[in-house]
Amino acid sequence: MKKSIKSELNKYLKEMDNKELIQEINKLYSKFSEVKKYYEMELTGDTTAIVEEYKTKIKKEYFPTRGYGQARNSVSRKIVNDFKKISVFDKDIIDLLLYRVEIMLDFTMAYGDIDEAFYSSLESSFEEAMKLIAKEKLQDDYEKQCKAFIKVSYNFGWGVYDNLTYLYQEYFES
């Protein structure tokens, strides 16, 4: 947001009383599904349904109900980025990132070796998850899952196994 627009927004909000602020937030809640999802997660603390919704979107990109998946990295990465905008808990972001990695690994096992860009994107999601896991000190919660991903990638091309192993060691064993 431009600085002048942000300062105008702050000025606009400061001029409102509590009742007007409540009306403004209710208007945003009604108008934008992202705002609704954010408050649903923030106020209920139950993020399961929304996380599952985003997981379903990722799965459809790689394994649609009918036909072949398009496996567009940009689409699945956007789904994760959209989720980050509404997410309340880092653990949910970790779960979604690792789900994306899992689906990409499954796609490779189903359709064979993909290209370098595909694996670079997979590795980026894995690394981002590793950073959040280390930051939140959740290594014990994710150790088994991450090791399983590394094991699955053993025969993949483009150095995927080596890169995932390196990332795991960097964030879990240091």
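J.: Looking at this structure, how should I read the overall build of the protein chain?
T.: Check the secondary structure of the protein chain and you find 9 helices and 0 strands. Put simply, the protein chain runs from its N terminus to its C terminus through helices and strands in the order α-α-α-α-α-α-α-α-α. On C-alpha atoms alone, the protein chain measures out to a radius of gyration of 20 Å, which is more than a quarter above the 16 Å that the 2.2 N^0.38 rule sets for 174 residues. Seen through its C-alpha atoms, the protein chain measures out along the principal axes to roughly 60 × 45 × 35 Å. Burial statistics for the protein chain: of 174 residues in total, 34% are counted as buried. Restricting the contact set of the protein chain to residue pairs at least 6 apart, pairs at least 24 apart contribute 65%. Summed over all atoms, the accessible surface of the protein chain reaches about 11100 Å², with 50% contributed by carbon and sulfur. One finds the centroid of the 28 positive side-chain charges in the protein chain at a distance of 6 Å from the centroid of its 31 negative side-chain charges.

J.: I'm lost on helix α9 (residues 160-172) in this one. Help?
T.: Every α-helical turn comprises 3.6 residues, leaving residues that sit three or four positions apart pointing alike. Spanning 13 residues, α9 covers 18 Å between terminal C-alpha atoms, matching the ideal 18 Å at 1.5 Å per step. Looking only at α9, the buried set comprises V160, L164, T165, L167, Y168, Y171 and F172. All buried residues of α9 lie within an arc of 165° about the axis, which places them on one face of the element. Exposed positions of α9 whose direction lies more than 90 degrees from the buried face are D162 and Y166. For α9, the secondary structure elements touched by its buried residues are α7 (116-136) and α8 (139-152).

J.: What's the story with helix α6 (residues 90-111) in this structure? I'm lost.
T.: Taking 1.5 Å of rise per residue, 22 residues should cover 32 Å, and α6 covers 32 Å from first to last C-alpha, within 8% of that figure. Of the residues one or two after α6, G112 is the one with positive phi, at around 90°.

J.: I'm lost on the packing of helix α4 (residues 48-62) against helix α5 (residues 73-86) in this one. Help?
T.: How two helices sit against one another is set out by the angle between their axes and by the gap between those axes. Across the interface, α4 lies against α5 with an axial gap of 9 Å and an inter-helix angle of 170°. It follows from the interaxial angle that α4 and α5 lie roughly antiparallel. Where α4 abuts α5, its residues I50, V51, Y54, K57, I58, E61 and Y62 lie against N73, V75, S76, I79, V80, D82, F83 and I86. Among the residues forming the contact of α4 with α5, the class breakdown is 10 nonpolar, 2 polar and 3 charged.

J.: I keep staring at the pattern of salt bridges and nothing clicks. Help me out?
T.: Think of it this way: side chains of opposite charge can pair up when their charged atoms draw near. Tallied over the full model, the rule gives 11 salt bridges. A salt bridge links R72 to E61; its shortest N-O distance comes to 2.8 Å. Pair noted here: R72 is in the loop between α4 and α5 and E61 is in helix α4, with a separation of 11 residues, a long-range link. For E61, a relative accessible area of 7% translates into the label buried.

J.: Could you clarify how one ought to interpret the packing of α7 against α8 in this entry?
T.: The N-to-C vectors of α7 and α8 enclose an angle of 160°; their axes lie 10 Å apart at closest approach. One finds that α7 runs roughly antiparallel with respect to α8. Between α7 and α8 the crossing geometry is left-handed. Residues F126, M130, I133 and A134 of α7 touch α8, and the partners they reach there are Q139, Y142, C146, F149 and I150. For the contact of α7 with α8, the class distribution of residues is 8 nonpolar, 1 polar and no charged.

How each quantity is defined
Residues numbered from 1 in each chain as written. Predicted model: local features only at pLDDT ≥ 70, side-chain atom pairs only at ≥ 80, totals over all residues. Heavy atoms only, no water. Helix = DSSP H or I, 4+ residues; strand = E, 2+ residues; numbered from the N terminus. Rg over C-alpha atoms; globule rule 2.2 N^0.38 Å. Buried < 20%, exposed > 50% of the residue type's maximum accessible area, 1.4 Å probe, protein only. Contact = heavy atoms within 4.5 Å. Areas by Shrake-Rupley, 256 points an atom, 1.4 Å probe, with all protein chains shown as cover. Lys, Arg positive; Asp, Glu negative; His and termini not counted. Charge placed at Lys NZ, Arg CZ, Asp CG, Glu CD. Expected span 1.5 Å × (residues − 1). Arc of directions from axis to C-beta. Axes fitted to C-alpha atoms, helices over the stretch in contact; angles between N-to-C directions. Parallel < 35°, antiparallel > 145°, perpendicular 65-115°, else oblique. Nonpolar A, V, L, I, M, F, W, Y, C, P; charged D, E, K, R; others polar. Salt bridge = Lys/Arg side-chain N within 4 Å of Asp/Glu carboxyl O. Left-handed = near helix turned anticlockwise from the far one by under 90°.

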